Amino acid sequence: MNQAEVTKLMSQLRIAIRPRHRNLKNADGPEGRLNKLRKTVTALVKHERIELNYERADEARGYAERLISDAIRHGDCHKPTMEMADYWLLEKQLVHKLFKVLVPRFEEYKVSATRMYKAPKEYPGWYRKRAVLELRGNPYPSLLPNQSNNRNLLHNVLMDEAKKDYRREKYAEIAAQIGSDGTQPVSGTGGENITTSEQPKAAQPQP
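Here we summarise the structure given alongside this text.

Quick notes on the rules
- Residues numbered from 1 in each chain as written.
- Predicted model: local features only at pLDDT ≥ 70, side-chain atom pairs only at ≥ 80, totals over all residues.
- Heavy atoms only, no water.
- Salt bridge = Lys/Arg side-chain N within 4 Å of Asp/Glu carboxyl O.
- Helix = DSSP H or I, 4+ residues; strand = E, 2+ residues; numbered from the N terminus.
- Buried < 20%, exposed > 50% of the residue type's maximum accessible area, 1.4 Å probe, protein only.
- Axes fitted to C-alpha atoms, helices over the stretch in contact; angles between N-to-C directions.
- Parallel < 35°, antiparallel > 145°, perpendicular 65-115°, else oblique.
- Contact = heavy atoms within 4.5 Å.
- Nonpolar A, V, L, I, M, F, W, Y, C, P; charged D, E, K, R; others polar.
- Pairing = 2+ DSSP bridges.
- Core = buried A, V, L, I, M, F, W, Y, C linked by side-chain atoms within 4.5 Å.
- Phe/Tyr/Trp six-rings, centres within 6.5 Å; stacked < 30°, edge-to-face > 60°.
- Lys NZ or Arg CZ within 6 Å of the ring centre and 35° of its normal.
- 1 Å grid on protein atoms, 1.4 Å probe; cavity = no way out; pocket = protein on both sides within 12 Å on 5 of 7 lines; lining within 4 Å.
- Points joined across faces, edges and corners; volume = space filled by probe spheres on them.
- Left-handed = near helix turned anticlockwise from the far one by under 90°.

Considerations on the pattern of salt bridges
Tallied over the full model, the rule gives 13 salt bridges. Lys97 is the salt-bridge partner of Glu48, the closest N and O atoms lying 3.1 Å from each other. Placement of the pair is Glu48 in the loop between α2 (29–47) and β1 (49–53) and Lys97 in helix α5 (residues 93–106), with a sequence separation of 49 residues. Grouping residues by exposure puts Glu48 and Lys97 together as buried.

Listed below in C-alpha cells is the structure:
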C-alpha cells in the first residue's frame, strides 16, 4: 500500500482536539451526553450557525469535523461513513445535505470546515461561557466586522484632509521662520545642527 492510499485511512482534522473529554454532565449519564452531542451536530449541519455552551461547542466541533472529513474522503458509497452519518444526524434528510451540499463546498478547503467564536458575556446575571459554532460558507452575515473599506467612510476622509491641512500649515510656518532669520540648518562636524550664522569663521593670519 503506497503513501497516498495510507492517508485515506485516517481523517485529517484541522482543529485542536483535547486528549480527554470535556466536563459535560448529564442526568442520563454517558448515553444522555452522547444524545446531546448528536443533537448539537444535527443542529449545526441543519442551521450552519448555532449558539451554545462553550464546552459542548468545543467537543461537538470535533465530531462535526470528523463527519465532514470522512464524507469528503470516502463518499456516500462507503458503508462505515454512511453508518456514521446515520448515527450523528438525527434528521435523515440532512444526510443528503452532507454529501450533496457540504462535501462539494469543503472538498477544496485547506482550512477547517467549522469556526468557533467566544460569545459576549451575559450581564447582569450568572455568567456561563458561551460560543458560536458555524460552518464556513454559511449564508449569514459575518460575525467579524469588515474594516477593509473604513478608509472611505466620511469621518475618516475628513480626518485625513484635516491632518493634511495641519501639516501644510506647520510646514509653511517653518519655511517662513527660516526665511525671516536668513539661516538654514547645517549639519555640524559632531552631528549636531547649527545655523549658517553660527558657523565658525576661518582663522585670520596673525601679523
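A word on the packing of helix α3 (residues 54–74) against α5
Close contact between α3 and α5 brings their axes to 9 Å; oriented N to C, the two are set at 90 degrees. The angle between α3 and α5 places the two elements in the roughly perpendicular class. Along its contact with α3, which presents Leu67, Ile68, Ala71 and Ile72, the element α5 presents Leu98, Phe99, Val103 and Phe106. Its residues assigned to classes, the contact of α3 with α5 comprises eight nonpolar, no polar and no charged.

Concerning the sheet that holds strand β3 (residues 130–135)
Strand order across the open sheet formed by three strands is β1-β3-β2, with antiparallel pairing between neighbours. Single-partner strands in this sheet number two, and they are β1 and β2 (114–118). The average undirected angle you get between the axes of adjacent strands in this sheet is 25 degrees. The strands touched by α2 within the sheet are β1, β2 and β3, with β1 carrying the most contacts at an inclination of about 150 degrees.

Some words on the nonpolar core
The biggest cluster of nonpolar side chains holds 28 residues, and the ones touching the most others in it are Val41, Leu67, Leu89, Leu98 and Phe99. Every element with two or more residues in this core is listed here: α2, β1, α3, α4 (79–88), α5 and β3. Non-local contacts of Val41, meaning those with residues more than four positions away in its chain, are made with Ala60, Tyr63, Ala64, Leu67, Trp88 and Leu89.

Let's talk about the packing of aromatic side chains
This structure, assessed with the given rule, holds three aromatic pairs. Members of the aromatic cluster, joined through ring pairs, are Tyr63, Tyr87 and Trp88. In this structure, Lys129 packs its charged tip against the face of Tyr54, placed 4.4 Å from the ring centre.

Section: the layout of surface pockets
Looking at the largest pocket, its volume works out to about 280 Å³. Surrounding the largest pocket, 15 residues form its lining, Arg14, Ser69, Ile72, Phe106 and Tyr109 being those nearest its centre. The greatest single-element share of the lining of the largest pocket, amounting to five residues, is contributed by α3. Here the lining of the largest pocket is built from residues that sort into six nonpolar, three polar and six charged. Volume-wise, the second largest pocket comes out at about 180 Å³. Elements represented by at least two residues in the lining of the second largest pocket include exactly α2 and α3. Classifying every residue of the lining of the second largest pocket by side-chain character gives one nonpolar, three polar and six charged.

Section: the packing of α4 against α5
Look at α4 against α5: their axes get within 9 Å of each other, and the N-to-C directions meet at 130 degrees. Comparing the axis directions of α4 and α5 gives the class oblique. Handedness of the crossing formed by α4 with α5: right-handed. Of the residues in α5, those in contact with Thr81, Met82 and Ala85 of α4 are Val95, Leu98 and Phe99. Here the residues of the contact of α4 with α5 sort into five nonpolar, one polar and no charged.

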